[in-house]
Structure formats: structure tokens, C-alpha cells
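# Working through the structure, step by step
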Amino acid sequence: MVCGGFACSKNALCALNVVYMLVGLLLIGVAAWAKGLDLVSSIHIIGGVMAVGVFLLLIAVAGLVGAVNHHQVLLFFYMIILGLVFIFQFGISCSCLAINLSKQTDVINASWSVMSNKTRDELERSFDCCGLFNLTTLDQQDYAFCTAICKSRSPTCQMCGEKFLKHSDEALKILGGVGLFFSFTEILGVWLAMRFRNQKDPRANPSAFL
């Protein structure tokens, strides 16, 4: 059996969907672990990560069932959905890589202004910092009421905005790079599904092939 044959396409598509299933389960597990340990208090962040994991898991299961059974309808919808996911993920990944420090600063300022005091306190304790950028009266008030450990060790603490910028820049580069890599695996999945869908199963009844 040559590599371009029916069995090879089927096995490659199954393997790719198993990888997607593992990634989906990993996202769900990480979200549940973070929620269980109260590492992230925002239900929107936890819910978003878990929703992505569940969505990816469902797509992978549909692709796996379609590949095992050579199901024409499932493979067709799998191709369409995976193609749409590629377009969305490719755009988001490029946006992550294109955001500069000035834009990140604006986003951090906007996010900080709508956070509750409890969330700010949690972030200050987690990152061991106080205040944001010390640019406004509100930031100075945050610094004055800060409960981070660094304030008990020293009269001055590093501003949270500086740490947020460092972490956000690293995170955006990692997310953009990983997202860009996986987006091309989705194109591979669409191509494999299209190719496998149009191949004839040598074990099937020839008259039953559509």
C-alpha cells in the first residue's frame, strides 16, 4: 500500500484528530485545574478556555468518527468547520504577533479600569506588585491600599503594569506562534479530509460508493 492510498489517508486523519482530542482535553484539564486552585478568579477566562477545549474536542471526535467510518456527511461538515476555524485562528494569531507595547499598555489600562477591587488585590498579591503605572490618582490609590508582600519588605514596590507588560508580551508571542503553527495543521486536516472523502474504500461494495 502506497502512502497516498486509502489506508494511509485514513490513518493520517485519525492521528491528526487524536492530537486535536488530546489538545482539547488538555485545555479542559488546565481550565479545571486553574479554577480548582483559584489561580484565576475570572469566570470569563476559565469559561473561554474550557469552551475552546470542548469545541476542539467535538470537532476532533466528529473528524475521527468520519475518518473511521468514511462518513461522507461528517467529513464534509468537518472540512467546513475546520476551514472556518483556520481563518479565525490565523487572524487571531497574526493579531497577537502584531500587537506592540503601546497597544498592550492601552489594553492593560482599559482592563484594569473595569476590574473589581477584589480582582486587583488578587493580581497584586499574585504578581507581588502594587498599582498599575502610577499615572493617575486611581493608580496611586491602588498603590496606597496594596496588600502585596513586597510592601512589607520595602517601602516601594514594582508597578504591576511593568510586570503585566513583560508577561503579556511573552504570552502574546507564544500564543501567536503556537496558534499560527496549529492553524497550518488545520489546513492539513482540511486537505486530508477532502482527499480521504474522495477516495474509494477498497473493502467496500463498489456500487455503494458515492
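The residue numbers shown here count from 1 along each chain, following its written sequence. Whole-chain, interface and lining totals are the exception, using all residues; otherwise, since this is a predicted model, local features are given only for residues with pLDDT of at least 70 and side-chain atom pairs are given and counted only at 80 or more. Side-chain calculation: all heavy atoms of the structure are included, whereas hydrogens and water are not.

By the naming in an unreviewed UniProt entry, the chain goes by Tetraspanin-31 and is assigned to Lipotes vexillifer. UniProt positions are given in the numbering used here, feature names are shortened, and annotations may be inferred rather than shown by experiment. Per its UniProt entry, the chain bears the Subcellular location (unreviewed entry) comment "Membrane". As stated in UniProt under Sequence similarities (unreviewed entry), the record for the chain gives "Belongs to the tetraspanin (TM4SF) family."

Moving on to the UniProt feature "transmembrane region" (unreviewed entry) in the chain. UniProt marks residues 12-33, 45-68, 75-101 and 174-194 with the feature "transmembrane region" (unreviewed entry), using the numbering shown here. Helix numbering and strand numbering both begin at the N terminus, where a helix is a DSSP run of H or I of at least 4 residues and a strand a DSSP run of E of at least 2. Within residues 75-101, the helical portion is 93% and the strand portion 0%, while the C-alpha atoms at the span's ends are 42 Å from each other. When the span residues 174-194 is considered, its composition is 100% helix and 0% strand, and the gap between its end C-alpha atoms is 30 Å.

This part is about helix α4 (residues 101-114). To estimate how far a helix should extend, the number of its residues minus one is multiplied by 1.5 Å. The end-to-end C-alpha separation of α4 is 20 Å, in line with the 20 Å expected for 14 residues at 1.5 Å each. The buried label goes to any residue with under 20% of its type's maximum accessible area, the exposed label to any with over 50%, and the partly exposed label to all in between, with areas taken from a 1.4 Å probe on protein chains only. Buried within α4 are the following residues: Gln-104, Ile-108 and Trp-112. The buried residues of α4 all sit within an arc of 65° when viewed along its axis, so they share a single face. Turned more than 90 degrees away from the buried face of α4 sit Lys-103 and Val-114, all of them exposed. In this description, one arc is meant: the one made by directions from the helix axis to the C-beta atoms.

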